[in-house]
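Residue strings, one per chain:
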Amino acid sequence: MPKVALAPLSEIRRLRRKYTDRLLTLLAILLALEMFVIAPLHAMGIFAFQGFAIIALLGIIGGMIVISDHPAALAVMAACFVANVVVFVVRLLYPPWPYSIHLLAAAWLAIAVTLGAVVAQAVFRGGRVTYHRIVGAILLYLLIALAFGTLFIFVGLMIPGAFKGVTFDEDSGLASAVFYLSLVTLTSTGYGDLVPVHPIARSLCNIESIVGQLYPATLLARRRRMAATSAEDPASFERMGRTQPSASNDSASTPAWRTRARACPGSGSPRRPRTESA
């Protein structure tokens, strides 16, 4: 019985070792679909796409289970999934609930923070820098935008008129609007159609714009340091299926006259043999 119980755990650990980097790319694709495809289509009034958002969230949770086995992270993601399902059912069967936006914003803020911690640990751990880890760094950038977008919702709900150009009520286009506002702030684009007017809203936008400028520079410096460390680490050669250069390999390229001189310690400093002139 204990062996049967431990079998799923060992299988998850095997999948974690093999597919962690690839799952970073899958999670990035799912979150990009959530922000750039599902949210705009839901804003157009197609309510069914909120169900697709729940399906994408279920895929994100499944990928995180393989990447991380931390019980607190799994509990938070499960609670957020339940919150999304509850809001979906309430909107489908009952009159509008005034606190559905609060619940969804809190759930997605928890998702952004929890998933961001898991992804950061997977991206910046030791080892070779791969394509999937670079995509994971992009995923972390999108999670920053998601977290600030949910904070914008809380500010807009607590302070009416904090943002010009967006209304924080039971609107299907709210998620698409705050994603747009967060991304143009994070990338310092600022088209001017959505503008923070309250001091707290402006301060929050300033913080996000600073993070958006510092993150790429910090990431590039960290990646270069990890690449240099990985090149000097003997274990990295084993992970890449190569062997680290050894003393035997060095001796193979050493001239014969220098090898003979090393074999005779009393011969003094080695001298290269002279060639007789004609």
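Everything below is about the structure shown above.
We now turn to the structure provided with this report. (Residues numbered from 1 in each chain as written. Predicted model: local features only at pLDDT ≥ 70, side-chain atom pairs only at ≥ 80, totals over all residues. Heavy atoms only, no water.)

**As for the packing of aromatic side chains**
Scanning all chains against the criterion turns up five aromatic pairs. Taking 5.8 Å as the distance between ring centres and 50° as the angle between the ring planes, the aromatic pair formed by phenylalanine 163 and phenylalanine 168 counts as tilted. Taken individually, phenylalanine 163 and phenylalanine 168 each receive the classification buried, so the pair is uniform in this respect. Taking 6.2 Å as the distance between ring centres and 5° as the angle between the ring planes, the aromatic pair formed by tyrosine 180 and tyrosine 191 counts as stacked. Placement of tyrosine 180 in helix H6 (residues 174-186) and of tyrosine 191 in the loop between H6 and strand S2 (195-196) is noted, with a sequence separation of 11 residues between them. Given the relative accessible area of 28%, tyrosine 180 is considered partly exposed. Exposure remark for tyrosine 191: the relative accessible area of 61% places this residue in the exposed category. An aromatic cluster is defined as three or more aromatic residues linked by ring pairs; in this entry it consists of Phe152, Phe163 and Phe168. (Phe/Tyr/Trp six-rings, centres within 6.5 Å; stacked < 30°, edge-to-face > 60°. Buried < 20%, exposed > 50% of the residue type's maximum accessible area, 1.4 Å probe, protein only. Helix = DSSP H or I, 4+ residues; strand = E, 2+ residues; numbered from the N terminus.)

**Concerning the nonpolar core**
Side chains that are nonpolar tend, in soluble globular proteins, to be buried together. Formed by 62 residues in total, the largest nonpolar core has its most connected members in Val119 and Phe163. Residue assignment for this core shows that the elements contributing at least two residues are helix H1 (2-43), helix H2 (48-67), helix H3 (71-93), helix H4 (100-123), helix H5 (131-158), H6 and helix H7 (199-232). Per-element accounting of this core gives the leading share, 15 residues, to H5. Every residue in contact with valine 119, bar those within four places of it in the chain, is listed here: Leu24, Gly136, Leu139, Leu140 and Leu143. (Core = buried A, V, L, I, M, F, W, Y, C linked by side-chain atoms within 4.5 Å. Contact = heavy atoms within 4.5 Å.)

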